Amino acid sequence: MKRLFSYLLLLTSYLSLVGCNDEGEYSTWPCRFSYDNSLHLDPTLASAMNIDSRGVFCKIWESNMGGLVLHFQSNQGGDATHQQVTEMERLTNYILGINNGIIVGFQTMNTQPNGGFVAYDAQCPNCVRRENNTINPRFPVSMSTSGIASCAVCGKKYDLNNSGIVQNGEESDVGLQKYLASTTGPNGFLSVGTKR
């Protein structure tokens, strides 16, 4: 019963985000991810879900290593992997952005209605647009401890602490693609998705 209540709480928080955000601010690229960190207590993810740890970001992706595994990597140096162990996790078909990667955390510039908690796609949007490749893009960004995400292909730099804006682009360049995101705290729930 407790687990059912937990998932209902997560669904409610996600639906409240969907109903109150501006059109056009969020990506239409596919994304669907929910995670109950109260079951796994992962410190790498927890640090990015802590409002008192602004500027800490966690990159999340999935792999199949003898079963589905989630990877968490912090811009502050921590990393972890977790086997998907609950029945709900095994049945869930995550869509982690346009090519298996999202970045979550509290930005230092609190411009969001949910305390500055943000989720970005982990692909360089300008390379995706330039190459016209949304089927299988290979333009991942890497994170620095200062909260800058960089693309190794085009050299663009994005400020994770300021809505993912591009720092060294041209006039037509765009910032990182953002997704709707909510968290109930470090050892709580994380929900990331595309606005419908």
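Located above this text is the structure these notes cover.
Overview of the structure. Predicted model, so just to flag it, every value in this text is computed and none were measured.

Let's talk about the environment of phenylalanine 72
In this structure, phenylalanine 72 sits in strand S3 (residues 68-74). A relative accessible area of 1% places phenylalanine 72 in the buried class. Taking the C-alpha atoms as reference points, phenylalanine 72 and phenylalanine 57, 15 residues apart in sequence, are found 9.9 Å from one another. Apart from residues lying up to four places away in sequence, phenylalanine 72 is in contact with Tyr35, Asp42, Thr44, Leu45, Cys58, Lys59, Ile60, Gly78, Asp79, Ala80 and His82.

Looking at the pairing of S3
Taking burial as the measure, the 7 residues of S3 include 5 buried ones, the bulk of the element. Here strand S2 (residues 57-64) pairs with S3 via 7 bridges, running antiparallel. Each residue of the ladder has a partner; that of serine 63, found in S3, is valine 69. In terms of strand pairing, S3 meets strand S4 (residues 79-83) through 5 bridges, oriented antiparallel. Within S4, the residue paired with histidine 71 across the bridge is threonine 81. Connecting the antiparallel pair S3 and S4 is a turn made up of 4 residues, with glycine 77 showing a positive phi of about 110°.

Description of the nonpolar core
With 40 residues, the main nonpolar core has Phe33, Leu45, Ile60, Ile102, Val104, Leu190 and Val192 as its most contacted residues. With sequence-adjacent residues up to four places away left out, isoleucine 60 is seen in contact with Phe33, Leu45, His71, Phe72, Leu96, Asn100, Gly101, Ile102, Val104 and Leu190.

About the cut-offs
- Residues numbered from 1 in each chain as written.
- Predicted model: local features only at pLDDT ≥ 70, side-chain atom pairs only at ≥ 80, totals over all residues.
- Heavy atoms only, no water.
- Helix = DSSP H or I, 4+ residues; strand = E, 2+ residues; numbered from the N terminus.
- Buried < 20%, exposed > 50% of the residue type's maximum accessible area, 1.4 Å probe, protein only.
- Contact = heavy atoms within 4.5 Å.
- Pairing = 2+ DSSP bridges.
- Core = buried A, V, L, I, M, F, W, Y, C linked by side-chain atoms within 4.5 Å.

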